[in-house]
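One-letter residues, chain by chain:
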Amino acid sequence: MSDILEYALHGHIAVLTLNQAPVNSLGVAMRTAIDEAFSQALADERVAAIVISSKQALFCGGADISEFGSPKAFASPSLPDLCNKIEASTKPVVAAINGMALGGGCELALACDYRVAHSKARLGLPEVHLGLIPGAGGTQRLPRLANPQLALEMIVSGKPKPVTALRGCGLIDFIPEQEQAFDDTVQAYTEQLVSDGAVLKSCAEIRVEPNSFSAGMFDDFRASIARKTRGFFAPEQCIKAVEAACSLTLEAGLAKEAELFKACMDTPQARAQQHLFFAERSATKIPGIKASVEPRSIKSVAVIGSGTMGGGIAMNFINSGIPTTLLDLSAEALERGINVIRRNYEISAQKGRMSTDDVECCMALLTPSTSYDDLGQADLVIEAVFENMDVKKKVFSALDANCKPGCILATNTSTLNVNEIAAATGRPEDVIGLHFFSPANVMRLLEIVRAEKTADEVVVSALKMAKSIGKVPAVVGVCFGFVGNRMLEPYGREASRLLLEGASPTQIDKAITEFGMAMGPLAMSDLAGIDVGYLVRESRREEIAHEPSYQIVQDKLYELGRYGQKTGRGNYIYDGRKQIEDPEVIDLARDTAAALGIAQREISAQEIIERTIYMLINEGAYILEEGISYRASDCDLIWVNGYGFPAWRGGPMHFADEIGLQNILAAIEKHRSQLGEYGEKWFTPAPLLKQLAAEGKTFGEYINPKYA
């Protein structure tokens, strides 16, 4: 028998044990091994029942991602055929679900007659996150075994469910309560089945009863997810597949599932979502850092600054069970920050996301302090103070004097030079940038800024830490704004310039949100704070002084004290959460344009997209060429997870590859020629964009010679 599957006969029970680290992925080798072992068990007259189990910590993680895009993914025996073979078994088949059963692994279990699950196991069908639907019977068997409502929730969300939440729905036949070894329990359960003359349970014989769901269930479900799934293709196909299960035979339903699966396969959305899936895995591979480099241990953390950002950062570590010190030199500010953290946890408890005991456990991990003397035992210290170089240097000088050797010293700066900050210490090799995004306890992105002298083990430590607190990390180099905020600069610049040229805030933001962004650039400016953007511009006023129109409307709003949502007025008027167009902003833009000699005109949605989205892509090309980002997919991760770029477009660089770099280049050159002096000044195509467009290549194919 194959070395990735163990076959054993225990009395009258054949046990097929999957044993391919780390996740028993269902590649062609594993599918072949299961198929051959299953045939052997069927042919053996001594075998009365068959158990499919696992020697790994989980049952099965599903498809082999290394086979994606290759003929192996659908090579015989295909997973649908294998599941159908199990379904048609002449002997009872028991799935022993000892841990996670995901995707194809879940579908394998659904094809069995009986399912025994460990109380800590979880089942899920996450294919929707790859732009697909379950393709091995999951959309047809789950509604039959459980119910259509549960099937919709699990398949369209892609979120795994604990088996304890599935108790009583018909999906799990037995969840052992006792502490007896799981394999022994499964063996005893199967022996009892054989003794009782267990019947074969084929989904082909199960009909979804019309009275098990309401007539309007599917339309109501569509309406409930419409906003969240806008732009994605797969969710609707998932719904159609479950609908088919409610009206067709299993055979016809499986054929419909296959048809819908195929429809999903070759879509821009599937390519985009799979691109991001692989991008997350690539992001942890850092050129020049050997796999043998060991991370430093991080068992205690300190955060400097108890404001919104500092408190949010602290919560990440508390949530992961890591003792955290929150330091602020102002006792009043510290108390306010601690109260905000407690209030956040209490709100979560009120919503049922945690218990009151959990709240107290979290707060017990938090130690307030007003003295640097209390940081002596911290393994990682993260500075989250005011975005000012002199202030940050002063903090790092104090950290250098008070923190133990080997402590990682991190700055949460969003724009400042980490090399300069590191130089304020006598140990620049221990200094790194950890740019969290607000709200820090919610946003998934963590930009890890590798300074000139940052030690490899510090980078590796940051990557491991990011994973431990549930963040998506991307390692970047040092420049103004790093990757995310540097690409944001031309995006925001053009939005503000378009105001001067005659577009209204609503028109600009509508074009961008219809493109798929989570919010428009002007609404985002109001949310982040117009004052914040102004202070960033002030720090580099010499670099932008040559352009009198540069963000001038935003500067004038700042001067008027209109900072955005926090003051109730910015680019818009705010009535609570309601956003209202403000005629005064349109008048301000018109009068400012007249003073600068800028003619206003009608502006199309397409021009808005080309001048904002295409120019941030152009900046991404500069970043790649300079080696600030290791790969284009890192830029995509940053913009999808930190700036609301639509995941179904795969990020800005992947989007550019999808529509063709020649088209991006042509649009930039068009605006360069049409916008006169302004166009000549700001619409210079990046040399890398021109090179790749001429060669017919993509950003995804580009490898900077520095990292080849």
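Above: the structure in question.
Cut-offs applied
- Residues numbered from 1 in each chain as written.
- Predicted model: local features only at pLDDT ≥ 70, side-chain atom pairs only at ≥ 80, totals over all residues.
- Heavy atoms only, no water.
- Helix = DSSP H or I, 4+ residues; strand = E, 2+ residues; numbered from the N terminus.
- Rg over C-alpha atoms; globule rule 2.2 N^0.38 Å.
- Buried < 20%, exposed > 50% of the residue type's maximum accessible area, 1.4 Å probe, protein only.
- Contact = heavy atoms within 4.5 Å.
- Lys, Arg positive; Asp, Glu negative; His and termini not counted.
- Charge placed at Lys NZ, Arg CZ, Asp CG, Glu CD.
- Arc of directions from axis to C-beta.
- Salt bridge = Lys/Arg side-chain N within 4 Å of Asp/Glu carboxyl O.
- Patch = residues over 30% accessible without salt bridge, like charges linked within 9 Å, V, L, I, M, F, W, Y side chains within 5 Å.
- Areas by Shrake-Rupley, 256 points an atom, 1.4 Å probe, with all protein chains shown as cover.
- Pairing = 2+ DSSP bridges.
- Axes fitted to C-alpha atoms, helices over the stretch in contact; angles between N-to-C directions.
- Expected span 1.5 Å × (residues − 1).
- Core = buried A, V, L, I, M, F, W, Y, C linked by side-chain atoms within 4.5 Å.
- Phe/Tyr/Trp six-rings, centres within 6.5 Å; stacked < 30°, edge-to-face > 60°.
- Lys NZ or Arg CZ within 6 Å of the ring centre and 35° of its normal.

Moving on to the overall build of the chain. Tallying secondary structure elements over the chain gives 29 helices and 18 strands in all. The C-alpha radius of gyration computed for the chain amounts to 28 Å, which stays within 12% of the reference 27 Å derived for 708 residues, consistent with globular compactness. With the principal axes as the frame, the chain shows a C-alpha extent of 90 × 60 × 50 Å. Residues counted as buried form 55% of the 708 residues belonging to the chain. Within the chain, contacts between residues separated by at least 24 positions form 74% of all contacts whose residues are at least 6 apart in sequence. With 69 positive and 88 negative side-chain charges, the chain shows a spacing of 1 Å between the two charge centroids.

For helix H18 (residues 505–515), the complete set of buried residues consists of Pro 505, Ile 508, Asp 509, Ala 511, Ile 512 and Phe 515. Along the axis of H18, the buried residues cluster in a sector spanning 155°; they form a single face. A positive backbone phi angle near 130° is found at Gly 516, which sits one or two residues after H18.

Before going further, it helps to examine unusual backbone geometry. Cis geometry is found at the peptide bond from Ser 76 to Pro 77, where omega equals -5°. Note that Pro 77 resides in the loop between strand E3 (49–54) and helix H2 (79–87). Within the chain, Asn 24 stands out as a residue other than glycine whose phi angle is a positive 55°. Structurally, the position occupied by Asn 24 is in the loop between strand E2 (13–18) and helix H1 (28–43). Its identity is not glycine, yet Phe 482 carries a phi of approximately 55°, on the positive side. Inspection of the secondary structure puts Phe 482 in the loop between strand E16 (472–476) and helix H17 (484–500). Taking the relative accessible area as the measure of exposure, Phe 482 reaches 0% and is therefore buried.

Pairing between side chains becomes possible if they bear opposite charge and their charged atoms approach one another. Overall, the coordinates contain 54 salt bridges when judged by the stated rule. The closest approach of N and O atoms between Arg 569 and Glu 584, which form a salt bridge, is 3.5 Å. With Arg 569 in the loop between helix H22 (552–559) and strand E17 (572–575) and Glu 584 in helix H23 (residues 583–596), this residue pair connects regions lying 15 residues apart in the sequence. For Arg 569, a relative accessible area of 30% translates into the label partly exposed. The exposure class of Glu 584 is partly exposed, given its relative accessible area of 48%. Between Lys 670 and Glu 610 there is a salt bridge whose closest N-O contact spans 3.0 Å. Here Glu 610 lies in helix H24 (residues 605–626) and Lys 670 lies in helix H27 (residues 661–674), a separation of 60 residues in the sequence. Take Glu 610: its relative accessible area is 9%, and that puts it in the buried class. The network of salt bridges with common partners includes Glu 489, Arg 493, Glu 494, Arg 497, Glu 501, Arg 601, Glu 607 and Arg 611.

Right, let's get into a nonpolar patch on the surface. Residues Phe 386, Val 391 and Leu 535 make up a contiguous nonpolar surface patch of about 260 Å² in total accessible area. Structurally, the position occupied by Val 391 is in helix H14 (residues 389–402).

Right, let's get into the sheet that holds strand E14 (residues 431–436). Taken in spatial order, the 8 strands make up an open sheet running E11-E10-E9-E12-E13-E14-E15-E16, and their pairing is mixed. What marks the edges here is a single partner per strand, and that holds for strand E11 (366–369) and E16. Taken over all neighbouring pairs, the strand axes of this sheet differ in orientation by 25° on average, direction set aside. As judged from the 4 bridges shared by strand E10 (residues 324–327) and E11, these two strands associate in the parallel manner.

Our focus in this paragraph is H1. If you check H1, its first and last C-alpha atoms are 22 Å apart, about what 16 residues at 1.5 Å a residue would give, namely 22 Å. Residues of H1 that are buried: Val 28, Met 30, Arg 31, Ala 33, Ile 34, Ala 37, Phe 38 and Ala 41. Close packing links the buried residues of H1 with strand E1 (5–10), E2, E3, H2, strand E4 (93–97) and helix H3 (104–110).

Ranked by internal contacts, the top residues of the largest apolar core, which has 99 residues, are Leu 399, Ile 613, Ile 617, Trp 639, Leu 689 and Phe 699. For this core, the element with the most residues is H24, which contributes 10 residues. Setting aside residues no more than four positions away along its own chain, Phe 699 makes contact with Ile 617, Ala 621, Leu 624, Ala 632, Met 653, Ala 656, Asp 657, Leu 661, Leu 689 and Leu 692. Core analysis: the next-biggest nonpolar cluster, separate from the first, contains 72 residues, Ala 41, Ala 146, Cys 238 and Leu 250 among them.

Turning our attention to the packing of aromatic side chains. Under the counting rule described, the total for this entry stands at 18 aromatic pairs. With a centroid separation of 5.3 Å and 80° between ring planes, the pair formed by Phe 437 and Tyr 643 is classed as edge-to-face. Of this pair, Phe 437 sits in the loop between E14 and strand E15 (445–449) while Tyr 643 sits in the loop between helix H25 (632–642) and helix H26 (652–659); the two residues are 206 residues apart in sequence, bridging distant segments of the chain. Both residues of the pair, Phe 437 and Tyr 643, count as buried. Ring geometry for Trp 639 versus Tyr 643: centroids 4.5 Å apart, planes at 20°, classification stacked. Among the aromatic residues, those joined into a ring-pair cluster are Phe 437, Tyr 491, Trp 639 and Tyr 643. Its end group placed over the ring of Phe 480, Arg 540 keeps NZ or CZ at 4.1 Å from the ring centre.

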